[in-house]
Amino acid sequence: MTEAALPAPMAAPSVDRERLAAFGFVLPSVVIIAGVFALPLVLLLGVSIVDANGLTFAHYKRLLGSPYYLGVIWNSLRLGLLTTTIAFLISYPAAFALARARGALRSLLLATLFLPLAASVIVKAFAWTILLRSDGIVNETLIALGIIEDPIRMIFTETALIVGAVNIFLPFMILPIYAIVAQLDSRYAEAAATLGASPLVTFVRVILPLTLPGIIAGVALVFSLSVSAYVVPTLLIGEKYPTLATTIAKAYLLTREPGFGAAAGVVLLAIAIAVVTLSARMSREPK
Amino acid sequence: MSEAIPHLVVRSVSKKYGPTTILDHIDLTVRRGELVTLLGPSGCGKTTLLRAIAGLAQPDTGKVELAGRDITNVPPHKRNVGVVFQSYALFPHLTVAGNVAFGLKVRGAAKREIDAAVERALSLVKLGHLGGRRISALSGGQQQRVALARAIAVEPDVLLFDEALSALDRKLREEMQVELRRLLQEVKATAIFVTHDQDEALTMSDRVAVMNKGRIEQLAEPRELYLRPASLFALNFVGLSTRISGTVLAADNGKVDVETGVGRLSALGNFQAGSSVIVAARPEQLRISEQGEANSAAGRVRSVVFQGSRTLVEVDAGAGESLLAELSGRDGAVPRVHDEIRLSWPVAETFAFPMEAQV
């Protein structure tokens, strides 16, 4: 082989070529995100601060200045916080149980976790209304067993709302925590024990910090899903518990106030982004 | 002074997982300041024994005593042991210094005391300058040292090493063996190593316990273990050997005459006439030259392997038997493949083991 035939000139441009290839790979997702996500968001922001007379903050004043709409924002936050907290308390031990389970039991548990994801949120919310209404399965059973005489009001209460929301969003908390727990080397706990840490100290100083990335991912997912939930509050509690999501829908569909709806959308987005950013920062900086 | 007082005592410890016996009535006594290795193949129970001492595995029967205290039912965090794991198990969310400080922190030691102990432990393993580093920024060898510093920092009554060096590459491992032994002697630590690496066992330990099928087959100093293996298993597991099967013709006061495929051989051992035995000798005992009152056998050289300071010669002695001789550089002429040679070796260095014990 002669020297001229060696592919020597390839060496220098290959770095650029790699960059170009990498750019090529991300281009489709950049186009999609910019086109169907970023652009509408900019438009949304625009609609919320511009009306026929030019720049205006009237929608934000109305939203953040009235006790009623502050109550609406609080309802959304309350739904998000309660759902996230309860889902976390259920999910954390469940993730460990799932990671410890073996064979058929593990497959069964994973299936019960994944299968509900295939069903629509509307179907699941409706299922809860069937269970919880006055002539629903829960009340009928309790009456048949003689535990209660008259049906208990369950549907259209905050309890029903939170129970339903926790149920529907639970997989989004369990799965990220499970993914971390399943990879957690049992030697960490053993090392802590031999160094003199009691099981409780081991949990607080080792297990909890090491599973924090999963907790943060789960919290960010469930909070952003539940704070902006529309179907779940609409079906399980209705008019008396207005949230930002139901307010947005009402502004667009009923009262025809796109500017106000957009402003509510921006506030909701700001809340979700704040929580996700905060949790992302927490997971990046180990204590 | 207190050298002879038993420091760690394992009494008749047994452990079963389902129908499988992992530990079969293990007895082991370790003196203060002694370095003992549990050597054996995977599945021999050595790691389970270590975990029973650490409190990470509960024995079904038996007792463990450490520093004069019965710790059989004491949970691991109250035992004052130090464990260095094969995977090191360093806490990734803590710095190097944070890892070393962990044991003292959870014991509620004062901050100044902790800082001093961390500095001492890190300088002992020559990592004094890396205290602020994150674990993921360290090499494998450095992580090994941090794991050691973390275990030493709490001044445990016994240090336990679970295949602690096996993740290192060969050269680093050999350096660490020597350094670790020196370091442990310096801090007068009592230590137990678990390994399947015979070189590690011979290099690091005052005594070696050869384990097989949940039992200790032999507990001896490295030199004695090599020169006087107590069983065929110990012979096979530590060092090379020539092994020839045969039948005892006559037995006389600790010595037996054995009929084998390569002729009649004499060996040390107590057997009844008619027993099936394996006759064995270490390769450095076999010489090409004649030796007085010696066993000998002839054959054709099958292979010659030069290994620097020594040359291994394998001879096909017929009848399916082979001889292995190790010739040192001073032995003069080295035979070539296909040469017909006769090897001899002293009877006093020839051992007989019962055939059925073969693994």
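Please read all numbers here as calculations on a predicted model, not as lab measurements.

Basis of the calculations
- Residues numbered from 1 in each chain as written.
- Chains lettered and ligands numbered in written order.
- Predicted model: local features only at pLDDT ≥ 70, side-chain atom pairs only at ≥ 80, totals over all residues.
- Heavy atoms only, no water.
- Helix = DSSP H or I, 4+ residues; strand = E, 2+ residues; numbered from the N terminus.
- Buried < 20%, exposed > 50% of the residue type's maximum accessible area, 1.4 Å probe, protein only.
- Contact = heavy atoms within 4.5 Å.
- Areas by Shrake-Rupley, 256 points an atom, 1.4 Å probe, with all protein chains shown as cover.
- Lys, Arg positive; Asp, Glu negative; His and termini not counted.
- Charge placed at Lys NZ, Arg CZ, Asp CG, Glu CD.
- Buried area = accessible area lost by both parts, 1.4 Å probe.
- Salt bridge = Lys/Arg side-chain N within 4 Å of Asp/Glu carboxyl O.
- Polar contact = N/O pair within 3.5 Å; in protein donor to acceptor, adjacent residues only side chain to side chain.
- Nonpolar A, V, L, I, M, F, W, Y, C, P; charged D, E, K, R; others polar.
- pLDDT = per-residue confidence, 0-100.
- Pairing = 2+ DSSP bridges.

1. Focus: the overall build of chain B
Phase 1: Check the secondary structure of chain B and you find eight helices and 19 strands.
Phase 2: Here the C-alpha coordinates of chain B stretch approximately 75 × 45 × 40 Å along the principal axes.
Phase 3: Per-residue burial over chain B gives 52% buried out of 359 residues.
Phase 4: Long-range pairs, those at least 24 residues apart, make up 65% of the contacts in chain B with a sequence separation of at least 6.
Phase 5: Split by element, the accessible area of chain B, about 16,500 Å² in all, is 48% carbon and sulfur.
Phase 6: Averaging the positions of the 43 positive and the 41 negative side-chain charges in chain B gives two centres separated by 7 Å.

2. Quick word on the interface of chain A and chain B
Phase 1: With 20 residues of chain A in contact, the opposing surface of chain B contributes 21 residues.
Phase 2: Between chain A and chain B lies a buried interface of about 1,900 Å² when both sides are counted; carbon and sulfur atoms form 68% of it.
Phase 3: Per-residue buried area on chain A facing chain B is highest for T194(A), L195(A) and R205(A); these three make up 36% of the total on that side.
Phase 4: For the interface between chain A and chain B, the tally reads one salt bridge.
Phase 5: Close ionic contact of E190(A) with R51(B) constitutes a salt bridge, the shortest N to O distance being 2.6 Å.
Phase 6: Between chain A and chain B we count four residue pairs in polar contact (both at pLDDT 80 or more) in total.
Phase 7: Elements with a minimum of two residues in the side of chain A that touches chain B: α8 (186-194) and α9 (199-227) of chain A.
Phase 8: The biggest single contributor to the side of chain A that touches chain B is α8(A), with seven residues.
Phase 9: Partitioned by chemical class, the residues of the side of chain A that touches chain B number 12 nonpolar, three polar and five charged.

3. A look at the environment of T202(A)
Residues and elements named next belong to chain A.
Phase 1: Structurally, the position occupied by T202 is in helix α9.
Phase 2: A C-alpha to C-alpha distance of 52 Å links T202 and I49, two positions 153 residues apart in sequence.
Phase 3: When near neighbours in sequence (up to four residues on either side) are disregarded, T202 contacts A189, A192, A193, A197 and I207.
Phase 4: Of note is the side chain of T202, whose polar atom sits 3.4 Å from the backbone oxygen of A197.

4. Observations concerning the environment of L109(A)
Phase 1: Relative to the assigned elements, L109(A) resides in helix α4 (residues 103-118).
Phase 2: When sequence neighbours within four positions are dropped, the list of residues in contact with L109(A) reads L98(A) and A101(A).

5. Looking at the pattern of salt bridges
Phase 1: On inspection of all chains with the given rule, the structure shows 25 salt bridges over all chains.
Phase 2: When salt bridges with common partners are traced through the structure, they connect R187(A), E190(A) and R51(B) into a single cluster.

6. Examining the confidence of the model for chain A
Phase 1: A residue-level look at chain A finds 93% of positions with pLDDT of 70 or above and a mean pLDDT of 89.
Phase 2: Low confidence marks residues 1-11 of chain A, where pLDDT is under 50. Its contacts with residues over four positions away, or in another chain, come to two contacts.

7. A look at unusual backbone geometry
All names here are of chain B.
Phase 1: One non-glycine residue, Y88, lies in the positive phi region at around 70°.
Phase 2: Note on placement: Y88 falls in the loop between β6 (81-84) and α2 (96-106).
Phase 3: For K188, which is not a glycine, the phi torsion comes out positive at approximately 55°.
Phase 4: Counting through the fold element by element, K188 comes out in the loop between α5 (170-186) and β8 (191-195).
Phase 5: On the accessibility criterion, K188 (67% relative accessible area) is exposed.

8. Description of the sheet that holds strand β1 (residues 6-17) of chain B
Residues and elements named next belong to chain B.
Phase 1: Across the sheet, four strands lie side by side as β2-β1-β4-β5; this open sheet has antiparallel pairing. Each of the sheet's edge strands pairs with one partner strand only, and the pair in question is β2 (20-31) and β5 (69-70).
Phase 2: Strand direction decides the pairing type here: β1 and strand β4 (residues 61-66), joined by five bridges, are antiparallel. Following the sheet pairing, R11 is matched in β4 by K63.

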